[in-house]
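Secondary and tertiary structure notes
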Amino acid sequence: MAKIIVEVMPKAELLDPQGKATANALRRGGATEFVDVRIGKRFELTVDGEITPEILAKAEQLAADVLSNGVIEDVVAVAEVAA
């Protein structure tokens, strides 16, 4: 079975409290080379069969309409995973 990966991130201009808390925890743990963390969402869509351009286009539309909140999030990637 083939898979499509959708990645969604908070809009860059919005505060990411979960990412900020994680960045602070990393620094406290000694990982001072990491100055910022942003936390998003990853969806794996499994397709029964081959991924056609039409199926990929439908995944992109669903990513924009259903899997993300366009007010506070950006869809940053919709890609087929190599088998």
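Up top is the structure these notes are about.
My aim in this report is to walk through the structure given alongside it, one point at a time.

Cut-offs and rules
- Position numbers for residues count from 1 along each chain, tracking the sequence in the order it is written.
- Totals for whole chains, interfaces and linings use all residues, but because this is a predicted model, local features are given only for residues with pLDDT of at least 70 and pairs of side-chain atoms are given and counted only at 80 or more.
- In computing side-chain properties, one takes all heavy atoms of the structure into account and sets aside hydrogens as well as water.
- The numbering of helices and of strands both runs from the N terminus, where a helix is a DSSP run of H or I of at least 4 residues and a strand a run of E of at least 2.
- Only residues whose relative accessible area exceeds 30% and that take part in no salt bridge are eligible for patches, with like-charged residues grouped when within 9 Å of each other and nonpolar side chains (Val, Leu, Ile, Met, Phe, Trp, Tyr) grouped when within 5 Å.
- Only the protein chains shown count as covering a residue, and every accessible area follows the Shrake-Rupley method with a 1.4 Å probe.
- Salt bridges, as used here, are contacts in which a Lys or Arg side-chain nitrogen is within 4 Å of a carboxyl oxygen on Asp or Glu.
- For every residue, the accessible area (1.4 Å probe, protein chains only) is compared with the maximum for its type, and the residue is labelled buried under 20%, exposed over 50%, or partly exposed between those bounds.

As for its placement among the helices and strands, Pro-17 is situated in helix 1 (residues 17-28). Separated by 36 residues in the primary sequence, Pro-17 and Pro-53 place their C-alpha atoms 37 Å from one another.

A word on a nonpolar patch on the surface. A surface patch of nonpolar side chains, about 260 Å² in accessible area, is lined by Leu-14, Val-71 and Ile-72. Residue placement: Leu-14 occurs in the loop between strand 1 (2-10) and helix 1.

With that settled, the discussion passes to the pattern of salt bridges. Applying the stated criterion across every chain yields a total of 4 salt bridges. Residue Lys-3 is joined to Glu-44 by a salt bridge in which the shortest nitrogen-to-oxygen separation is 3.2 Å. Residue Lys-3 is found in strand 1, and its partner Glu-44 is found in strand 2 (residues 41-47); the two are separated by 41 residues along the sequence. Residue Lys-3 is classed as partly exposed on the basis of its relative accessible area of 32%. Note that Asp-74 and Lys-11 form a salt bridge whose closest N and O atoms lie 2.9 Å from each other. Of the two residues, Asp-74 sits in strand 3 (residues 73-81) while Lys-11 sits in the loop between strand 1 and helix 1, which places them 63 residues apart along the sequence. Judged by relative accessible area, Asp-74 falls into the partly exposed class, the value being 31%.

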